[in-house]
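# Notes for the structure review
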Amino acid sequence: MIRIDSASLSKLIVTCFDLAGDDALSQAQRDAWMTTGKRLRGALLNILTAQFENGTAKVNEANEELKRINKSLKTAVDDLEKLKDELAAAKAMVGTLDSLLKLAIAFV
Amino acid sequence: MLNKTTIVAIAIGTTACATAGFKRPVADFEAGISKTAEAVSVYYAELNSFERELYLQERALNPTLTVATQSGGKPTALAGQTFSADSIKVRTDAIKLLGVHGKRLAALAGSDAPSDVAAGIKALGESFSGLATSFSSLTETDASATKYVSPVTSLVGLVTQSILEARRDKLLTEAVTNGAPATRTIISLLEKDLDEIVGPQRLTGTKQALVELIRDYNRRKSEMSVDDRRAALDEIRKAQERYEVAVVFSPSELFRALSDAHEALVTYASSHRRNPDAAELAAKLDVFRERAEAAAKEIARLRELKRGAA
């Protein structure tokens, strides 16, 4: 059985909260990162204990996407346009994680 | 030529050294296990109260949010439980079982294990006889629990056997060949649970709590008196420290040290009493005891910060 990559997901959530407290961003941007971080954390709590069949493609894809967003966010901090794209990707991840819950075969 | 008194003195001295050789690894392993079980059980147990506090903090800082026991047909963090009390108890009992197994290994390997120690280990082992059943009963709500059943059954089977002098070598071989794989599996399962489930929740939760306090301060700072600002900034400092503890506390390191200590005990036991000095064993057990003490201190610090914040 496989799980969601909780280390990558945690890393993304911590980055969202870091950006929510970053005074280089506008208040609206900070609010958006805070909301996304909280929604991702809500999804993390739901999916943290979920287990999936080995090779479940959607779980593997979500884990790859988490790695990609983290990598991209690392370089996007000084590029506001790129940061906007990654915010959209992080928001989309909330939906992806919620939809994965239906595929879980066991919890904890 | 040695007189009778000298011979008796040498004999007493030799026994004392040998006894010390047995007692030291057992005491160090027990101390490490006890601290590990304490730290890990607090860490698990506080998961539920941690989410409750975060939920209440959000509502204290944001008057538009309401408090509810249920939301969308599910219990909110106010009432919900991330880990059930039963799931926590079986895992901390599994850690304690590892301690009994370690104690038994050392007793079998030492040339000087006193018979009351052997009887005590058996009695202690029997107190875990229902543990595998407890893990089995959780499988509907706690899928990982199933994985503990087989290794726990093996270890309980070993630690409840009497240490009979005549069968000591056979028992020792069994303890090493059957006990070591079961112990490795249990350590690895505990480490995985903590790394994949407990750690991420704690890390992201403490970060969220910190940033919420910062944002609240920035929003209200101009309306606050100097004393109110000081109080709010003190809360932020404590939240930052709680986050740092979450970053620093590494269950992996603790379990790696436990794993190394166990492997050293196995090597010591496998030497069939030919290596009573066991310098390597002592060094590994020292590291384990130190890591476990450090973990217990970090957990105590977390509790202190929590009390201060209340």
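Residues numbered from 1 in each chain as written. Chains lettered and ligands numbered in written order. Predicted model: local features only at pLDDT ≥ 70, side-chain atom pairs only at ≥ 80, totals over all residues. Heavy atoms only, no water.

## Section: the interface of chain A and chain B
Put simply, the rule is: Residue contacts follow a heavy-atom distance rule, with two residues in contact if any of their heavy atoms lie within 4.5 Å. Summed over both partners, the accessible surface that disappears when two parts come together, traced with a 1.4 Å probe, is what is meant by buried area. Basic side-chain nitrogens of Lys or Arg form a salt bridge, by our definition, when they fall within 4 Å of a carboxyl oxygen of Asp or Glu. Side-chain atoms alone can form a polar contact between residues adjacent in sequence; in general such a contact is a pair of N or O atoms within 3.5 Å, and within protein one must be able to donate a hydrogen while the other accepts it. In this text, helices come from DSSP runs of H or I with a minimum length of four residues, and strands from runs of E with a minimum of two, each type numbered from the N-terminal end.
Taken together, the contact between chain A and chain B spans 24 residues of the former and 25 residues of the latter. Here chain A packs against chain B, burying approximately 2,000 Å² in sum over the two surfaces, 58% of which is carbon and sulfur. Linking chain A to chain B there are six salt bridges. For the salt bridge of A:R3 with B:E196, the shortest nitrogen-to-oxygen distance reads 2.9 Å. The interface formed by chain A and chain B contains ten residue pairs in polar contact (both at pLDDT 80 or more). Contributing elements (two or more residues each) for the side of chain A that touches chain B: helix 1 (6-20), helix 2 (27-47) and strand 2 (106-107) of chain A. Considering each element in turn, the side of chain A that touches chain B owes the most residues, nine residues, to helix 2 of chain A.

## Concerning the nonpolar core
Proteins that are soluble and globular tend to have nonpolar side chains buried together. Defined as follows: Nonpolar cores were defined as sets of buried Ala, Val, Leu, Ile, Met, Phe, Trp, Tyr and Cys residues, with membership established by side-chain atoms within 4.5 Å. When a residue's accessible area, from a 1.4 Å probe over protein chains only, is under 20% of the maximum for its type it is buried; when over 50% it is exposed; and in between it is partly exposed.
A:W33, A:L40, A:L97, B:F135 and B:V152 are the most contacted members of the largest nonpolar core, which totals 102 residues. Dropping the residues within four chain positions of it, A:L97 is found in contact with A:I4, A:L9, A:L40, A:A43 and A:I47.

## Topic: the confidence of the model for chain A
Definition in use: pLDDT is a residue-level measure of predictor confidence that goes from 0 to 100.
For chain A, per-residue confidence averages 90 on the pLDDT scale, and residues scoring 70 or more make up 99% of the total. Element-level pLDDT for chain A is lowest in strand 2 of chain A, with a mean of 70, against a maximum mean of 95 in helix 1 of chain A.

## Examining the packing of aromatic side chains
Residue and element names in this part refer to chain B. Inclusion rule: By convention, a stacked pair of Phe, Tyr or Trp rings (six-membered ring in the case of Trp) has centres within 6.5 Å and planes under 30 degrees apart, an edge-to-face pair has planes over 60 apart, and any other such pair is tilted. Our definition puts a charge over a ring when NZ of Lys or CZ of Arg is within 6 Å of the ring centre and also within 35 degrees of the ring normal.
Overall, the coordinates contain one aromatic pair over all chains when judged by the stated rule. Between F135 and Y148, the aromatic rings sit 4.6 Å apart at their centres with planes inclined by 5°, giving stacked as the arrangement. Taken as a pair, F135 in helix 4 (residues 131-137) and Y148 in helix 5 (residues 145-159) lie far apart in primary sequence, 13 residues in all. Comparing F135 with Y148, the two get one shared label, buried. The residue whose ring lies beneath R59 is Y55, and the NZ or CZ to ring-centre distance is 3.6 Å. Sitting over the ring of F50, R202 keeps its end group 4.8 Å from the ring centre.

## With respect to the packing of helix 2 (residues 85-109) of chain B against helix 8 (residues 251-270) of chain B
All names here are of chain B. Note the following rule: Working convention: axes come from line fits to C-alpha atoms, limited for helices to the stretch in contact. Angles between N-to-C directions cover 0 to 180 degrees. For classification purposes, angles smaller than 35 degrees are called roughly parallel, those larger than 145 roughly antiparallel, those between 65 and 115 roughly perpendicular, and all remaining angles oblique. Helix crossings get a hand from a simple test, with the near helix turned counterclockwise from the far one by less than a right angle marking a left-handed crossing and a clockwise turn marking a right-handed one.
Relative orientation of the contacting elements helix 2 and helix 8 amounts to 25°, with a least axis distance of 9 Å. It follows that helix 2 is roughly parallel to helix 8 by the angle criterion. Judged by the twist between their axes, the crossing of helix 2 over helix 8 is left-handed. Of helix 8, the residues touching helix 2 (which contributes I95, L98, H101, G102, L105, A106 and A109) are F255, L258, H262, L265, V266, Y268 and A269.

## Overview of the environment of A:N54
Residue and element names in this part refer to chain A. Here N54 shows up in the loop between strand 1 (50-51) and helix 3 (57-76). When the C-alpha positions of N54 and A20 are compared, they lie 35 Å apart, and in sequence the two are 34 residues distant. Residues within four places of N54 in sequence aside, it is in contact with M1 and I2. Polar side-chain contacts of N54 include one of 3.0 Å to the backbone nitrogen of M1.

## A short note on the confidence of the model for chain B
Residues and elements named next belong to chain B. Summarising the model, chain B shows a mean pLDDT of 80, and 83% of its residues fall at 70 or more. Ignoring residues within four places in sequence, the model shows residues 1-20, a span with pLDDT below 50, making seven contacts including any to other chains. Here the predicted complex scores 0.76 on pTM and 0.93 on ipTM.

## Here's the deal with the pattern of salt bridges
This model, assessed by the stated rule, comprises 24 salt bridges over all chains. With a closest N to O distance of 2.7 Å, A:D31 and B:R215 form a salt bridge. With A:D31 in helix 2 and B:R215 in helix 6 (residues 168-220), the pair connects residues from two separate chains. For A:D31, a relative accessible area of 30% gives the class partly exposed. Residue class for B:R215 comes out buried when judged on its relative accessible area of 13%. Close ionic contact of B:D227 with B:R230 constitutes a salt bridge, the shortest N to O distance being 3.9 Å.

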